[in-house]
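# Chains, contacts and geometry: an overview
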Amino acid sequence: MLDINMSDNTGPSEKAKKLFSLREEIGDCRRCKLSATRNSIVFGEGSPDARVMFIGEGPGKDEDIQGRPFVGRAGQLLTAIIEKGMRMTREDVYICNIVKCRPTIDMAFQRDRPPDEEETAACSGFLLKQIEIIKPEVIITLGNPSTRFLLGTKTGITKMRGHWHSFGGIPVMPTYHPSYVLRNGGESSPLKREVWEDIKKVLAALGSGETIVFSNEASVDSPLRKAFSDEKKQEEEAEIQRKLF
Ligand code: SF4
């Protein structure tokens, strides 16, 4: 089901209408083999006017059942980052994946895998249209597949994370996928600290309006606005890190 913001009395925005049309275009998609095993097409959800867009690789088991992105255990970690760390809600941001149907390792449907080239080629056009419609100020790629796809690189997430990159002029901050964080240490994973360092850079960029220096492109001026700029907020941010990570 497409989640669009209908709360405005003036009706859905142009962006919401475009997202709705895009979901209609996908329809009961059979463009790749993932259609044979899926329960739901997980289109994506959040604000059509989101400043921040999170992009993962594909739905997992819980997402496939519920038809919503990042609602399983990894999704709970992502939600904590958004709500407790970024002081935003899931409705403030936009969350989606490269492919809209769940890729699994085998017909046992127990283990997920990244989408293959064929699946990515079949589905990624929808993601590109979502980016084009939403025009976020910042994209956060979660893990290797979405980082490699969007930035056209083979470099691993360990080297890519924590540095600004650009996709068509939109600043991109790669970080670890929440599933990867949980697989490497669970709730007390040391990778949480690194994710938080990356998120802090996003928050600073959203607030500072300063020039972002891209690793894969010449620096450009960002229109990003002010937040996390005064001392009090920095103290609060340190407190969040202590509690969350
Ligand atoms: S993954 Fe994308 S292209 Fe493949 S069937 Fe699902 S919606 Fe269609």
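Procedures and definitions
- Residues numbered from 1 in each chain as written.
- Predicted model: local features only at pLDDT ≥ 70, side-chain atom pairs only at ≥ 80, totals over all residues.
- pLDDT = per-residue confidence, 0-100.
- Contact = placed C-beta atoms within 7 Å.
- Near = placed C-beta within 6 Å.
- Helix = DSSP H or I, 4+ residues; strand = E, 2+ residues; numbered from the N terminus.
- Nonpolar A, V, L, I, M, F, W, Y, C, P; charged D, E, K, R; others polar.
- Axes fitted to C-alpha atoms, helices over the stretch in contact; angles between N-to-C directions.
- Parallel < 35°, antiparallel > 145°, perpendicular 65-115°, else oblique.
- Core = buried A, V, L, I, M, F, W, Y, C linked by C-beta atoms within 7 Å.
- Buried ≥ 20, exposed ≤ 12 C-beta atoms within 10 Å, placed from the backbone.
- Pairing = 2+ DSSP bridges.

## Points about the confidence of the model for the chain
Scored by pLDDT, the chain has a mean of 87; 80% of the residues are at 70 or more. Here residues 1-8 scores under 50 on pLDDT; set against residues more than four positions off or in separate chains, the count is 17 contacts. Low pLDDT (under 50) marks residues 217-229, which in the prediction has 34 contacts with non-local residues, meaning those over four places away or in another chain.

## Details of the site of the ligand
Surrounding the ligand, one finds 14 residues, the nearest of these being Cys29, Cys32, Ser35, Cys101 and Cys123. Looking at the shell around the ligand, the element that brings in the most residues is helix H4 (residues 117-134), giving 3 residues. Of the residues belonging to the shell around the ligand, the class tally is 9 nonpolar, 1 polar and 4 charged.

## As for the packing of helix H1 (residues 14-26) against H4
One way to put it is that H1 packs onto H4 with a least axis distance of 9 Å and a crossing angle of 170°. Looking at the two axes, H1 sits roughly antiparallel to H4. Contact residues: H1 offers Lys15, Lys18, Leu19, Leu22 and Ile26, while H4 offers Phe126, Lys129, Gln130, Ile133 and Ile134. Among the residues making up the contact of H1 with H4, the classes are represented as 6 nonpolar, 1 polar and 3 charged.

## Things to note about the nonpolar core
One finds Met53, Phe54 and Ile55 to be the most contacted residues of the largest nonpolar core, which totals 48 residues. Among the elements that take part in this core, helix H8 (residues 191-208) stands out by supplying 6 residues, more than any other. Not counting chain neighbours up to four residues away, the residues in contact with Ile55 comprise Cys96, Asn97, Ile98, Leu127, Ile139, Thr141, Leu142, Ser146 and Leu150.

## Describing the pairing of strand S2 (residues 52-56)
When a strand is regular, its side chains alternate between the sheet's two faces. A large share of S2 lies buried, amounting to 5 of its 5 residues. Sheet topology note: the S2/strand S3 (residues 94-97) ladder contains 4 bridges and is parallel. Across the sheet, residue Gly56 finds its bridge partner in S3, namely Asn97.

## Comments concerning the environment of Gly46
Secondary-structure assignment places Gly46 in strand S1 (residues 45-46). Residue classification places Gly46 among the buried positions, given that 25 C-beta atoms sit within 10 Å. Along the sequence, Gly46 and Pro69 sit 23 residues apart, while their C-alpha atoms lie 9.9 Å from each other. In contact with Gly46, other than residues within four places in its own chain, are Arg90, Glu91, Val93, Tyr94 and Ile95.

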